[in-house]
Amino acid sequence: MAELRFDGRVAVVTGGGRGLGRSYALMLAARGAKVVVNDVGGSLTGDGADAGPAQQVADEIVAAGGDAVANADSVATADGGEAIVAAALAAYGRVDVLVHNAGNVRRGSLREMSYEDFDAVVDVHQRGAFHLVRQVFPVMCDNGYGRIVLTSSIGGLYGNHDVANYAVAKAGVIGLSNVAAVEGADHGVTSNVIVPAAVTRMAEGIDTSAYPPMGPELVAPAVGWLAHESCSVTGEIFIALAGRMARAVIAETPGVYRPSWTVEDVAGQIDAIRDFSEPVVFPVVPDGHNEHIRYSFAMAAQRAAHA
Ligand code: NAD
């Protein structure tokens, strides 16, 4: 297959100064994209700021013959989101790709998590996604082209201990991506979610000695395809972890129809309600929302016809 390139494309990668984001930025630039490397450069908890990491990655790209500018604004505010996209437009005049990858972590049990820690994480991952998407979406739709990749997590799909803030935020970006996919569908704009995992500084404190190879370079190709012109899907969720690439789906059981229900009916039917042997999936695009409603209504109509 011919190399999938990004010549003439402009990409914004948030959190591009370290870890996974750095890997995405280097990969996109090596394939011809002009890259805005955004990173506030703070600590794992999101405290502090340092323009160094973003600048170093931009310098690395330029030294390798690529094109990049650094930006150290925070994704956590509306002003920051606006400034990041303004930097892309000022430097390159367009935005074709958004990879919202910036992230922080503040651990704490649900019994004890402070509102400060809750907000600090939601502000970066989830509200940060909105601050960026809100800015690039009109630009992309007006251009008739765009590729949005938002970052979720296994914690967002399945939860985990001590990360209520992170799990809420990472589940929320799936909702945002789905709306961007639905609203972008007629404008050449796709939006998908990456669920990555890699040994980066986010793994600090975790014993990774028995892990298989799990570098960011095993995730970057998935983001590259989702960010590429040839990406043929939208409103989907991709997994990349230790060399495994997969798709995550929201699926339903067919369910049980009754014209009326009691609590006892639910108890009596619970196995059939939960029977997942024939899962039903409603693709986000073109119309998963209404497909879901139509499917439910069809069961009611079918039963009514046989009554
Ligand atoms: P990392 O800490 O190495 O990199 C994250 C970068 O985001 C840092 O350089 C940080 O400075 C930057 N950042 C944080 N807050 C920011 C802000 N307000 N504005 C701009 N930049 C900011 O972590 P990573 O492992 O590379 O994580 C990247 C993304 O992948 C995150 O969204 C993370 O939640 C997600 N993720 C990672 C893993 C994993 O196993 N590493 C698993 C699931 C999800």
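Residues numbered from 1 in each chain as written. Predicted model: local features only at pLDDT ≥ 70, side-chain atom pairs only at ≥ 80, totals over all residues. Heavy atoms only, no water.

Peer 1: Can you walk me through helix α1 (residues 19-30) in this structure?
Peer 2: Under the 1.5 Å per step criterion, the end-to-end length of α1 is 17 Å for 12 residues, consistent within 8% with the ideal 16 Å. Burial in α1 covers these residues: Leu20, Gly21, Ser23, Tyr24, Ala25, Met27, Leu28 and Ala29. Positive backbone phi, approximately 105 degrees, marks Gly32, located one or two places after α1. (Helix = DSSP H or I, 4+ residues; strand = E, 2+ residues; numbered from the N terminus. Expected span 1.5 Å × (residues − 1). Buried < 20%, exposed > 50% of the residue type's maximum accessible area, 1.4 Å probe, protein only.)

Peer 1: So what exactly am I meant to see when it comes to the pairing of strand β5 (residues 146-151) here?
Peer 2: A regular strand places its side chains on the two faces of the sheet in alternate fashion. Of all six residues making up β5, six are buried, and the element is well covered by its neighbours. Of the two faces of β5, both are covered, the one formed by Gly146, Ile148 and Leu150 as well as the one formed by Arg147, Val149 and Thr151. Relative to β5, strand β4 (residues 97-100) is paired through four bridges, and the arrangement is parallel. In the sheet register, Leu98 faces β5, and the bridge partner there is Ile148. Viewed along the sheet, the connection from β4 through helix α4 (residues 115-143) into β5 turns out right-handed. Where β5 meets strand β6 (residues 189-197), six bridges bridge the pair, whose relative direction is parallel. Note on β6: the bridge partner recorded for Val149 is Asn192. (Pairing = 2+ DSSP bridges. Right-handed = clockwise from strand over helix to strand, strands pointing away.)

Peer 1: What is the right way to look at the sheet that holds strand β1 (residues 10-14) in this model?
Peer 2: Each strand in a sheet pairs with its neighbour through backbone hydrogen bonds, running either in the same direction (parallel) or in the opposite one (antiparallel). Pairing in this open sheet of eight strands is mixed, and the strands run β3-β2-β1-β4-β5-β6-β7-β8 from one edge to the other. Whereas interior strands pair on both sides, the edge strands pair on one side only; in this sheet they are β3 (67-71) and β8 (244-248). Going across the sheet, the axis of each strand differs from the next one's by a mean of 20 degrees, ignoring polarity. Sitting on the sheet, helix α3 (residues 78-92) touches β1, β2 (34-38) and β3, and the angle it makes with β3 is about 150 degrees. Contacting β5, β6 and β7 (237-241), helix α6 (residues 164-184) crosses the sheet at an angle of about 160 degrees to β6. (Axes fitted to C-alpha atoms, helices over the stretch in contact; angles between N-to-C directions. Contact = heavy atoms within 4.5 Å.)

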